[in-house]
Amino acid sequence: LTMLVTLALAFTLYTVGCTRTDPTAPVHRRATFYDAIFLLYCALQTSWDYYASHMFFVHRLQHFILHDVGPALLAASAPAAALSQGLPRWLRPRVTQALARLHPVTRVIFDPWTATAVYIASLIIWIWPSWHFDVMLSNRLYRLMNWSVVLGDLPFWWLVLDPRPYPLARVKGGYRLLMLFIVMLPMMLAGAILGLDHHDLYPVYSVCGRFAAVSPLTDQHLGGLIIWIPSSIFIAIIAMVVFRRILHQEHAARAAPARPAAQTGSAAL
């Protein structure tokens, strides 16, 4: 219920905020935001969540959305301005003041190295076999896992997909590519280990009861391949998007000084 209310609130604030911003957010960014909300809703508020607790590979598909696709789409939509405008007018100054007081905390959270470390930890901690066993049998820990994956990974994707050029953005383009490369290595390693191991590392799904006639090792191998291949491909796609954006921003920066000079020459003529 808490996640449903949060998603509904974000949807409402963004929709209202888009009508108040001038110029309004581009169509592709609005579509990206609504796609993210829809995917997060499906992963957490439909029967997908039930099946994820009864099969490891379905759980990894769910976390592919929660860990990667959902937060990345939210960050790519750059929704901060619209969300702010969606707040009631009397509440905006208070939110601004609260964020100002939290600046020392947010500075740490949005530090590139901190965000990268949290991203890796949010993958490794929750798939660690002994810890995963306890998490899947505890409603409280299960909810904590899903919340922490979405919220904990947002700073990473926010830094990587910030559409603004440096220094308006906190991280230079080259460092964004480095961040993506750093997180891809443990992701591929964890996926390879789970996809190739011949021991059942997740007996908790036998305790919960698998909903399909799939052997424990097949279930584990499929889950490992999801971590290994689709997640790595997604990271590679994001890296290409970031690299293209770097080239575009560098071209715009080189062209910017030439325009005033050209205009001055035309005026002199």
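Placed above this text is the structure.
What counts and how
Residues numbered from 1 in each chain as written. Predicted model: local features only at pLDDT ≥ 70, side-chain atom pairs only at ≥ 80, totals over all residues. Heavy atoms only, no water. Helix = DSSP H or I, 4+ residues; strand = E, 2+ residues; numbered from the N terminus. Contact = heavy atoms within 4.5 Å. 1 Å grid on protein atoms, 1.4 Å probe; cavity = no way out; pocket = protein on both sides within 12 Å on 5 of 7 lines; lining within 4 Å. Points joined across faces, edges and corners; volume = space filled by probe spheres on them. Nonpolar A, V, L, I, M, F, W, Y, C, P; charged D, E, K, R; others polar. Axes fitted to C-alpha atoms, helices over the stretch in contact; angles between N-to-C directions. Parallel < 35°, antiparallel > 145°, perpendicular 65-115°, else oblique. Left-handed = near helix turned anticlockwise from the far one by under 90°. Buried < 20%, exposed > 50% of the residue type's maximum accessible area, 1.4 Å probe, protein only. Expected span 1.5 Å × (residues − 1). Arc of directions from axis to C-beta. Core = buried A, V, L, I, M, F, W, Y, C linked by side-chain atoms within 4.5 Å.

**Student:** How do you make sense of the environment of Phe57 when you look at a structure like this?
**Tutor:** With respect to the helices and strands, Phe57 occurs in helix α4 (residues 56-76). Sequence separation between Phe57 and Gly224 is 167 residues, and the spatial gap between their C-alpha atoms is 7.7 Å. Discounting residues that sit within four places of it in the chain, Phe57 has contacts with Asp219, Leu222, Gly223 and Ile226.

**Student:** Can you walk me through the layout of surface pockets in this structure?
**Tutor:** Empty space among the atoms can be located by rolling a probe the size of a water molecule over them. Reported here for the largest pocket is a volume of approximately 1600 Å³. Around the largest pocket sit 40 residues that line it, and Ala80, Leu83, Phe110, Leu154 and Trp158 are the ones nearest its centre. If you list the elements that add at least two residues to the lining of the largest pocket, you get α1 (2-20), α2 (27-45), α4, α5 (80-86), α6 (92-101), α7 (103-109) and α10 (139-160). Its residues assigned to classes, the lining of the largest pocket shows 31 nonpolar, four polar and five charged. What the second largest pocket holds in volume is close to 330 Å³. Along the walls of the second largest pocket sit 17 residues, with Asp49, Asn139, Tyr142, Arg143 and Asn146 positioned nearest its centre. For the lining of the second largest pocket, the elements supplying multiple residues, two or more each, are α1, α2 and α10. Take the lining of the second largest pocket: its biggest share by element is five residues, from α10. Grouping the constituent residues of the lining of the second largest pocket by class yields eight nonpolar, seven polar and two charged.

**Student:** How do you make sense of empty space enclosed by the protein when you look at a structure like this?
**Tutor:** Within the structure shown, the criterion is met by one cavity of 30 Å³ or more. Its volume calculated, the largest cavity comes out at about 60 Å³. Lining the largest cavity are Arg60, His63, Phe64, His67, Asp68, Leu123, Met187, Ile226, Ile227 and Ser231. Secondary structure elements with two or more residues in the lining of the largest cavity: α4 and α13 (216-228). The element best represented in the lining of the largest cavity is α4, accounting for five residues. Residue composition of the lining of the largest cavity, by class: five nonpolar, three polar and two charged.

**Student:** Help me understand the packing of α4 against α13 in this model?
**Tutor:** For any two helices packed against each other, one specifies the inter-axial angle together with the distance between the axes. At their nearest, the axes of α4 and α13 sit 7 Å apart, and the two run at 15° to each other. When the axis of α4 is compared with that of α13, the two are roughly parallel. In terms of crossing hand, the pair formed by α4 and α13 is right-handed. Of the residues in α13, those in contact with Phe56, Phe57, Arg60 and Leu61 of α4 are Asp219, Gln220, Leu222, Gly223, Gly224, Ile226 and Ile227.

**Student:** I would appreciate a short explanation of the side chain of Asn146 in the present structure.
**Tutor:** Relative to the elements of secondary structure, Asn146 occurs in helix α10. Residues in contact with Asn146, not counting those within four places in the same chain, are Leu44, Asp49, Gln62, His63 and Leu66.

**Student:** Got a minute to help me understand unusual backbone geometry in this structure?
**Tutor:** Following Tyr166, the chain continues into Pro167 via a peptide bond in cis, with omega recorded as 15°. Within the chain, Ala78 stands out as a residue other than glycine whose phi angle is a positive 45°. The topology assignment puts Ala78 in the loop between α4 and α5. Overall, the relative accessible area of 29% leaves Ala78 in the partly exposed class.

**Student:** Whenever I open this one, α2 confuses me. Can you help?
**Tutor:** Since the α-helix packs 3.6 residues into each turn, any two residues three or four apart lie on the same face. Here α2 is 19 residues long and its end C-alpha atoms lie 26 Å apart, about the 27 Å a rise of 1.5 Å per residue gives. Tucked inside the fold, the buried residues of α2 contact α1, α3 (47-52), α4, α5 and α10.

**Student:** Help me out: how do you make sense of α13 in this one?
**Tutor:** The end-to-end C-alpha separation of α13 is 18 Å, in line with the 18 Å expected for 13 residues at 1.5 Å each. Inspection of α13 places Asp219, Gln220, Gly223, Gly224, Ile226 and Ile227 among the buried residues, and these make up the whole buried set. With its buried residues spanning 155° around the axis, α13 presents them on a single face.

**Student:** Help me understand the nonpolar core, please; the structure alone is not making it clear to me.
**Tutor:** Most often, soluble globular proteins keep nonpolar side chains buried together rather than apart. Residues Phe156, Trp157, Val160, Leu161, Leu180, Ile235 and Ile238 are the most contacted members of the largest nonpolar core, which totals 58 residues. Once residues lying within four places of it in the same chain are set aside, the contact partners of Val160 are Arg176, Met179, Leu180, Ile238 and Val242.

**Student:** Help me understand the environment of Phe33, please; the structure alone is not making it clear to me.
**Tutor:** Following the sequence through the fold, Phe33 ends up in helix α2. With relative accessibility at 2%, the residue Phe33 sits in the buried group. In the structure, Phe33 is positioned 188 residues away from His221 in sequence and 32 Å away in space, judged by C-alpha atoms. Residues in contact with Phe33, not counting those within four places in the same chain, are Ala10, Phe11, Tyr14, Leu74, Ser77, Pro79 and Leu83.

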